[in-house]
Amino acid sequence: MLRSQRLAVVLALEERKEKAALEKMAQAQQHHEAQRQQIENLERYQREYREQIRSSQKGVVSVARLQGWQAFIAQLDQVIAQQQKLLTQAEERLQACREEWQKAWERRRGMEKYIETCRQHEQREQDLRDQKQMDEAAGRILARRR
């Protein structure tokens, strides 16, 4: 069996690894997008809530009610900060998955190039063998004519 044919098994393994890394990266991308959407939703809700507070403050507002609003906004700030941490973690995970996929892609691509180099080398060797056989055959024909 030729070396290029034996290496096909290794190439198939590298292709599976690359596919798995790509799927992992896609999942990380989806998770990152979900975290980003969650922050956007929380921030939008916070803006809307603040706007409601502003519009309801046109009249007299009790101190207790104002304190309740402030406490709720502080809670929203904490939730947004926690969500931001989750988003940062998701970004780091996505970057790690992207790097893992890039390495897997490079390994697969390198194996493809190596196999192609092996095939070219094997073809040159076959061409030399064929040429040698033709030269020997021509030499035998020439020797018979003499």
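Preceding this section is the structure that the text describes.
All of the points below concern the structure found in this document. (Residues numbered from 1 in each chain as written. Predicted model: local features only at pLDDT ≥ 70, side-chain atom pairs only at ≥ 80, totals over all residues. Heavy atoms only, no water.)

1. Looking at helix 1 (residues 3–56)
- Taking 1.5 Å of rise per residue, the 54 residues of helix 1 would be expected to cover 80 Å, and the 79 Å separating its terminal C-alpha atoms lies within 8% of that figure.
- The largest bend in helix 1 is about 30 degrees, located at Val9. (Helix = DSSP H or I, 4+ residues; strand = E, 2+ residues; numbered from the N terminus. Expected span 1.5 Å × (residues − 1). Bend = angle between axes of the 7 residues up to and from the residue.)

2. Observations concerning the packing of aromatic side chains
- A full pass over the atoms with the stated rule returns three aromatic pairs.
- On the numbers, 6.1 Å between centres and 85 degrees between planes, the contact of Tyr45 with Phe72 is edge-to-face. Placement of Tyr45 in helix 1 and of Phe72 in helix 2 (residues 63–145) is noted, with a sequence separation of 27 residues between them.
- Classification of Tyr45 as partly exposed rests on a relative accessible area of 39%.
- Phe72 sits in the partly exposed class, given a relative accessible area of 26%.
- Members of the aromatic cluster, connected to one another through ring pairs, are Tyr45, Tyr49 and Phe72. (Phe/Tyr/Trp six-rings, centres within 6.5 Å; stacked < 30°, edge-to-face > 60°. Buried < 20%, exposed > 50% of the residue type's maximum accessible area, 1.4 Å probe, protein only.)

3. Description of the pattern of salt bridges
- Under the counting rule described, the total for this entry stands at nine salt bridges.
- Among the ionic pairs, Glu112 bridges to Arg108, the shortest N-O distance being 2.8 Å. Residue Glu112 and its partner Arg108 are located together in helix 2, separated by four residues, close to a single helical turn.
- We classify Arg108 as buried; its relative accessible area is 12%. (Salt bridge = Lys/Arg side-chain N within 4 Å of Asp/Glu carboxyl O.)

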